[in-house]
Amino acid sequence: MIQTKTLTVQIGAAQALRDISLSVSPGQRLGIVGESGSGKSMLGLALMGMLPQEAALLGQITIQGRDMTGANDAAWRALRARQIAMIFQEPMAALNPLRRVGDTVMDPLRQHLGLSQEQALNRAIALFDETGIQDPQAKIAAYPHSLSGGQRQRVLIALALACNPKLLIADEPTTALDAHVARRITDLLVRLSRNRGMALMFISHDLAAVARTVDDLAVMYGGEIVEAGPVAALLSTPRHPYTQGLLAARPPLEPGHLRRRLPVIPGTVPGLADLPPGCRFAGRCPVELPICATTRPPKTQLKNSHTAACHRLTTGTP
Amino acid sequence: MTLLRIQGLTRRYPQPRQKLLRARAPLTALDDVSLTLAPGETIGIIGESGSGKSTLARLIMGFERPDAGQIFFDGDDLATLSARALRHRRPDFQMIFQDPFSSLDPRRSVGWSIAQPLRARRARRDSATISQRVANTLERVGLSASDSDRFPHEFSGGQRQRIAIARAIITNPRLLVADEAVSALDVSVRAQILNLLMDLHDETGLAIVFISHDLAVVSSLCDSLLVLRQGRVVEQGNAQGILTRPRHEYTQMLLSAARFSATANTPWLSEQDPQP
Amino acid sequence: MKQPAPIHLRLGLALVGMVTFVALLALVWTPYDVTLLEISAKFRPPSPENWLGTDQLGRDVLSLLMAGSVNSLAVAFASVGIGGSIGTALGLLASAKGGWVETTLMRLTDLGFAFPALLFAILLAAAFGPSLSNAIFAIAFINIPIFVRVARSAANQIWTRDFLRAGQAAGQTKWRLTLDHILPNIAAVLIVQATIEFAVAILAEAALSYLGLGAQPPLASWGRMLSQAQTLMYLAPQLAIYPGLCIIITVLGFGLLGDGLRDMTDPRLRQNRRPQSRRRQARP
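Predicted model, so just to flag it, every value in this text is computed and none were measured.

## Some remarks on the overall build of chain B
In terms of regular secondary structure, chain B is built from 9 helices and 10 strands. In terms of overall size, chain B behaves like a compact globule, its C-alpha atoms giving a radius of gyration of 20 Å where 276 residues would be expected to give roughly 19 Å. Each principal axis of the C-alpha atoms in chain B carries an extent, and together these give about 60 × 55 × 45 Å. The 276 residues of chain B split such that 54% are buried. Positive and negative side-chain charges of chain B, numbering 34 and 29 respectively, have mean locations separated by a distance of 9 Å.

## Observations regarding the nonpolar core
The biggest cluster of nonpolar side chains holds 115 residues, and the ones touching the most others in it are A:Leu217, B:Ile96, B:Ile165, B:Phe210 and B:Leu215. With 9 residues, helix 6 (residues 187-204) of chain B is the single largest residue contributor to this core. Look past the residues within four positions of B:Ile96 in its chain and what remains in contact with it is B:Ala164, B:Ile165, B:Ala168, B:Leu176, B:Val177, B:Ala178, B:Asp179, B:Ala181 and B:Leu197.

## With respect to the side chain of C:Asp180
Looking at where C:Asp180 falls in the secondary structure, it is placed in helix 7 (residues 174-210). You can call C:Asp180 buried: its relative accessible area is 8%. Contact partners of C:Asp180, with chain neighbours within four places excluded, come to B:Asp105, B:Arg108, B:Trp112 and C:Gln172.

## Quick look at the layout of surface pockets
Estimates place the volume of the second largest pocket at around 750 Å³. At the level of secondary structure, the elements contributing two or more residues to the lining of the second largest pocket comprise helix 2 (83-89) of chain B together with helix 2 (61-97), helix 5 (132-159), helix 6 (162-169) and helix 7 of chain C. By residue class, the composition of the lining of the second largest pocket is 6 nonpolar, 8 polar and 9 charged.

## A few points about the packing of aromatic side chains
Enumeration according to the criterion identifies 9 aromatic pairs over all chains in this entry. Between A:Tyr221 and A:Phe281, the aromatic rings sit 5.2 Å apart at their centres with planes inclined by 80 degrees, giving edge-to-face as the arrangement. You can see A:Tyr221 sitting in strand 9 (residues 216-221) and its partner A:Phe281 sitting in the loop between helix 10 (241-248) and strand 11 (299-301), a full 60 residues away along the chain. A network of ring pairs unites the aromatic residues A:Tyr221, A:Tyr242 and A:Phe281 as a single cluster. The lysine or arginine in question, B:Arg108, covers the ring of B:Trp112, its NZ or CZ lying 4.4 Å from the ring centre. Positioned above the aromatic ring of C:Trp159, the side-chain terminus of C:Lys174 is 5.9 Å from the ring centre.

## Some words on the environment of A:Ser193
All names here are of chain A. Secondary-structure assignment places serine 193 in helix 7 (residues 179-196). Residues serine 193 and leucine 167, spaced 26 residues apart in sequence, show a C-alpha to C-alpha distance of 8.9 Å. Ignoring sequence-local partners within four residues, the contact set of serine 193 consists of Gly27, Arg29 and Met198.

## Description of the pairing of strand 9 (residues 224-229) of chain B
Across a regular strand the side chains alternate sides, sitting on one face of the sheet and then on the other. Residues and elements named next belong to chain B. Where burial is concerned, most of strand 9 is hidden: 5 out of the 6 residues are buried. Relative to strand 9, strand 3 (residues 42-46) runs parallel, the two sharing 4 bridges. Among the inter-strand pairings, isoleucine 43 is bridged to a residue of strand 9, identified as serine 224. The antiparallel pairing of strand 9 with strand 10 (residues 232-238) creates a hairpin that spans 2 residues between the two strands, and glutamine 230 there sits at a positive phi of about 50 degrees.

## Remarks on the sheet that holds strand 2 (residues 14-24) of chain A
All names here are of chain A. In spatial order, the strands read 2-1-4-5; together these 4 strands make up an open sheet with antiparallel pairing. Strand pairing shows two members of the sheet lacking a second neighbour, strand 2 and strand 5 (66-67), which therefore form its edges. In this structure, strand 4 (residues 55-63) lies alongside strand 5, joined through 2 bridges in antiparallel fashion. Bridging from a neighbouring strand, threonine 62 pairs with aspartate 67 of strand 5. Lying on the sheet, helix 1 (residues 40-48) is in contact with strand 1 (2-11), strand 2 and strand 4; it crosses strand 1 at an angle near 115 degrees.

Scoring rules and cut-offs
Residues numbered from 1 in each chain as written. Chains lettered and ligands numbered in written order. Predicted model: local features only at pLDDT ≥ 70, side-chain atom pairs only at ≥ 80, totals over all residues. Heavy atoms only, no water. Helix = DSSP H or I, 4+ residues; strand = E, 2+ residues; numbered from the N terminus. Rg over C-alpha atoms; globule rule 2.2 N^0.38 Å. Buried < 20%, exposed > 50% of the residue type's maximum accessible area, 1.4 Å probe, protein only. Lys, Arg positive; Asp, Glu negative; His and termini not counted. Charge placed at Lys NZ, Arg CZ, Asp CG, Glu CD. Core = buried A, V, L, I, M, F, W, Y, C linked by side-chain atoms within 4.5 Å. Contact = heavy atoms within 4.5 Å. 1 Å grid on protein atoms, 1.4 Å probe; cavity = no way out; pocket = protein on both sides within 12 Å on 5 of 7 lines; lining within 4 Å. Points joined across faces, edges and corners; volume = space filled by probe spheres on them. Nonpolar A, V, L, I, M, F, W, Y, C, P; charged D, E, K, R; others polar. Phe/Tyr/Trp six-rings, centres within 6.5 Å; stacked < 30°, edge-to-face > 60°. Lys NZ or Arg CZ within 6 Å of the ring centre and 35° of its normal. Pairing = 2+ DSSP bridges. Axes fitted to C-alpha atoms, helices over the stretch in contact; angles between N-to-C directions.

Spatial relationships are all this shows, so hold off on functional conclusions.
Here it is as structure tokens:
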């Protein structure tokens, strides 16, 4: 469905993404987890052909068999909405406050699919219904400000689904929402992906939200995928020190763990320009080897499709 | 002995008119909330957006006055103190905010911001003493004394939150109100800040009101919990008890939404600094 | 990432710099004394002695224009300075106090906007006689409500930021916070507004002088030169064109400078020029 090979995004002298190779097959749900500065949002934009102008793209992006690496704007426009759609973190910012949400959703239906006003209206109501908006006939006429955060995100999902995309990229769709609302949104995303056979790429800093939504997980750090694999394998036996640190740093919600110091990853996420040349995690890694600062660790194939890029895995000193 | 005693605290906000002649009923952001906090105790205030938890923080800090109820801090009712008397008591209760990008004036040096609570006090201190205390406080929160001359934009989110904590503890307060203080931070940095707060608490016997939407974060730091929903207290008591046996179904719902069991196998990650 | 200053900012700076230089020069030197009348030399065409010729009273037009620039700039400086300071102070007061103080001040400001400035100038002239200082007061008066509004809305935005809450928690008074945080953070907005109002003030001075309510003889003024040239339009049109051009250049210069400064300080416009500068952080 979508595939990248050694995808690299260069902004000035800094590499915002380095050698990203991943593929999403139809109906697959892939999670991208990373902290700020990991390049996860940049990856989403690259797959939508929406990189900032000063960014240079190297490597290869293939979408539905078509090489999109050097594609122009028109080629990307033809792909967006119909093949790939995207939703964002702030549902309020993505909706025009002066337009009824129904009109916003009907726009692409009429423009891209050429539906009449009445067909578009019926289709919009069906989409609202599908995304779990209660009383869709009434909500069609509502303005964004009168909806709750969760409802707004549902409207945006309906908008993204309007042209039946094969892949939905969701960039931090639950971050601005309360926990139980967020949970309902992720449940909805899973259901939509199953019913429509639509692939989903869920980008978030929230490991818990991602883990319960997707089948496969990729952990990003410093513009690279440091570890990837099936969710269960990755969470139960993380092999990259960064993934391990990330999992351990979450406060456990167990009564026995009250008021205990948390294991931390020392230091802070370096800026794009200050990333070390070898392993990007060098300098913060608790189990660093001399080789790490200078040489990039190779991607090591572990069990099943579980991969990790760490020198410890190849030198045999875990 | 109690440090903070809140009784029947209520706060209403007037709503903008939609009809010319009929005023709308005010929005009750906080409804009859009571709690007590002993010196050195930590209480977690849990709630989702619109629960009134930030309103509670603003009331405790005296940024707003309640419509009903009292806030006794060390015997004084903060709600009835004059503005002048309130300013006088402020060194004893300080606050850290959610957004480290907005809580520091971008045009002021870090040292200037941290020294602000000292300068506000009438006691005439010479600038050498002030800069000495700023340097000490910076080191206490894990930064270096030389950071004092730098400006906020040179720091990451986590470092800015350390600066904000330095400003809050420089007067040796007895109470610290933390409103979503780690919510804007990345997971790995969040753990560092939580550890820092735990250390400060252990060293100074500071009482903490820790406000958050994240049950896991709150429970890692607090002795007792108070669950707010739409301005009302749903459940309050010992943190351990609430986590093991949540009584109210709303608390149960929050708990299940927050629970995330991943048994990560991390033999080499410890609390100590990394081995070379 | 740093981009060169936009073209209109540089052009504005150049024009304003030029006019300011001429005015400063005119303080110490003009080619001829502008109070010297020599009727026999009237309506001379441009010549090596009189670059722009002479007017109906035989005065050197270039010297008149230079002397006029001093008055134009002085009136603009003084009126925007006075009106801007008073307006800003009131705006900051409204913002810091809130409540009925703010409401009252803002309603008064609306009243100030509604009151025609020209009428006020005529009233002043009727009461105290026409003079340059009365023109300054009149223009300052129209600037007050403008600055009240700008300062108050900019200050209100800053007051919502958490560092003011932190300052309050530190035990600082509102006055101290206004000086420490609010004023430095809205200074850019005020400077931009002042530059734009400068252009307006120069036009207003010209208009008042044209009506005889501003600079009085023997003071030179672009507006007064225009009004005198009006009757001679067919005889010597250049006498109207020169001061007109001066006004246009100065107003344009300050206008461009103000726009350019605003573009530089407006974060939204700045973001358009530098995409992806700061991503939103995670929020609950």
